[in-house]
Every structure is written in C-alpha cells, then in structure tokens.
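Here is what each chain is made of, one letter per residue.
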Amino acid sequence: MFVTSSSEKNQGLVTCDASRPARIKGDVHILVVEDEQKMANALREGLEADDYSVRVAYTGEEGFYLVQAESFDLVILDVMLPGRDGFEILRTLRRRGIRTPVLLLTSRDAVEDRVRGLDTGADDYLVKPFAFPELLARIRALLRRGTHETSRCLRLADLEMDVLQRSVMRKGQPVELTPREFELLEYLFANQGRVVSREMLARDVWKETARQTPLDNVIDAQMVRLRRKLDSQFDRKLLHTVRGVGFVLREEDQPR
Ligand code: CA
C-alpha cells in the first residue's frame with residue numbers, strides 16, 4: 001500500500017490504471033489559462049454563472065503546473081500567452097500523456113493556427129471575439145465527449161507517480177510520502193529536467209512570498225527526507241542538488 005495521506009491508508013492497492021468513481025454531476029472543474037485580466041475575469045464570471053467551478057492561471061507556466069497538479073475536466077487555453085504560448089503548453093501536456101480536453105482560444109482566425117492547434121492535440125478551438133453562449137455550447141459538447149480521468153501518471157525512469165491516486169512507486173515498490181513531500185515531488189515532476197530554486201519552492205509549494213532563511217532550511221530538510229525516500233536504496237539517482245541554484249529531478253547527474 002502506498003498512499004500518502006493517513007485517511008486513505010485503508011483502501012485497496014491502487015495502481016496507475018486503477019479506476020475511480022465518476023465525479024458528482026455539477027462538480028465540473030474548468031481551468032482557464034489567459035493572461036489578459038479582463039478576458040480572464042469575464043470567462044470566470046460567465047462560467048461560474050453557469051455553475052462551473054473555475055480556476056484561472058495568468059501565465060502559461062502556472063497553467064501548465066496546475067493542469068498537472070490538479071484534476072480538471074476541461075482546460076480553456078489561450079494561444080497568445082507571454083513566455084510559453086498555448087501551443088507549446090498543449091504539446092507538452094499531450095506528450096506527457098495528459099488527456100484533459102482542451103479548448104483553444106485564438107485571436108487569429110488563420111487557418112494555419114486552427115490546423116496547428118488541432119494537430120497539437122486541442123479538442124476544439126474558438127476564435128476571439130466569440131459569443132459566450134457559443135463557448136458554453138462547445139464546453140458542453142466537449143464534456144459530453146470527454147471521459148473523466150481516473151489516474152494521471154508521471155514517470156521518470158523507474159519512478160512512477162499517480163497524481164490522482166496519490167501514489168508513488170520506485171522500481172515497482174511503494175514509496176510512502178507525507179502530503180508535503182508529495183507536493184514537492186509533484187512540483188519537481190512538473191518542472192522535470194529543469195532546476196527549481198528555493199525561491200520557486202517557497203513561492204509555489206509553501207506559498208510564501210517573502211523569502212526567509214528559516215524557510216530555506218525547511219526546504220533543504222524536506223529535500224533531504226524526500227531524497228532519502230526516493231533515491232537512497234537505488235544506484236540510479238533521480239533527485240539532484242545543483243549547488244547554489246536549487247534542485248532538479250532528472251536521470252542524469254550532470255547539471256545542464
Ligand atoms: Ca492572451
């Protein structure tokens with residue numbers, strides 16, 4: 001048994017392919033990824049008025065993290081985002097096996113954009129400006145079509161994490177993590193191959209905006225414990241410290 005919170009400890013053995021009960025009707029979670037405040041607010045208000053539960057991410061990075069970390073029924077993804085644009089985020093999500101339905105919003109009514117969006121793995125698209133009832137109709141269509149995910153596996157070498165089942169395995173053996181360790185690992189997975197700094201961890205995992213020395217010590221201590229659980233019994237190390245910079249989850253030992 002390898003669940004992470006004590007309340008779940010008495011469930012049967014779960015694997016990455018285990019099924020989970022369907023969601024209660026009316027409890028539909030939509031993630032909106034849109035950098036324009038006005039547009040994002042309008043989407044949130046309109047969708048909430050239609051009884052959807054809405055989260056908004058104002059950057060591609062934040063959206064990318066949330067869609068991996070939480071369970072959404074649908075993502076409304078704006079193509080035009082600063083940094084990693086909608087296409088790039090969509091491509092990465094699909095490459096990682098995340099099948100959450102995605103509705104692309106584009107302000108360019110170019111055929112190439114639509115084709116590119118659908119080729120990248122979008123389930124539908126809508127050109128801005130659009131009529132809200134049309135957006136709602138498309139959402140309903142996608143939700144009818146979509147199947148709810150029951151597990152979402154993240155893998156690196158022989159390390160496997162199921163974000164929805166809250167389970168972690170290394171070489172087929174369960175690894176028991178505390179909720180905080182689980183969150184940390186999830187964040188490292190979301191940034192797989194990239195170095196995450198203590199500032200990023202403080203902000204995104206601990207939700208601390210003012211960086212303080214004591215928190216750095218807490219982060220380091222948590223990392224030591226997480227590494228002990230993940231790596232200590234294995235030759236192949238996956239969680240690395242990059243001196244003076246932060247931490248990275250990846251197979252190779254060499255900083256890039
Ligand atoms: Ca935008």
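Preceding block: the structure.
Residues numbered from 1 in each chain as written. Predicted model: local features only at pLDDT ≥ 70, side-chain atom pairs only at ≥ 80, totals over all residues.

Student: Mind laying out the pairing of strand S11 (residues 239-242), listing which residues take part and the relevant values?
Tutor: Across four bridges, the pairing between S11 and strand S12 (residues 246-249) is antiparallel. Bridging across to S12, histidine 240 finds its partner in valine 248. Taking the residues that link successive antiparallel strands as the turn, the S11-S12 hairpin has three residues, and the phi of glycine 244 there is positive, at about 80 degrees. (Pairing = 2+ DSSP bridges. Helix = DSSP H or I, 4+ residues; strand = E, 2+ residues; numbered from the N terminus.)

Student: Requested: an account of the pairing of strand S2 (residues 53-57), with residues and values cited.
Tutor: Of the strand pairs in this sheet, strand S1 (residues 29-33) and S2 are connected by five bridges, and their pairing is parallel. Considered in S2, the bridge of leucine 31 is made with arginine 55. For the crossover that starts at S1, traverses helix H1 (residues 37-49) and ends in the parallel S2, the hand is right-handed. (Right-handed = clockwise from strand over helix to strand, strands pointing away.)

Student: Before we move on, can you summarise the sheet that holds strand S8 (residues 167-170) with the specific residues and values?
Tutor: Strands sit in the order S6-S7-S8-S9 across an open sheet of four strands; the sheet is antiparallel. One side of each edge strand has no neighbouring strand; the edge strands of this open sheet are strand S6 (153-156) and strand S9 (173-174). Note that S8 and S9 share two bridges and pair antiparallel. Note that in S9 the partner of arginine 170 across the bridge is glutamine 173.

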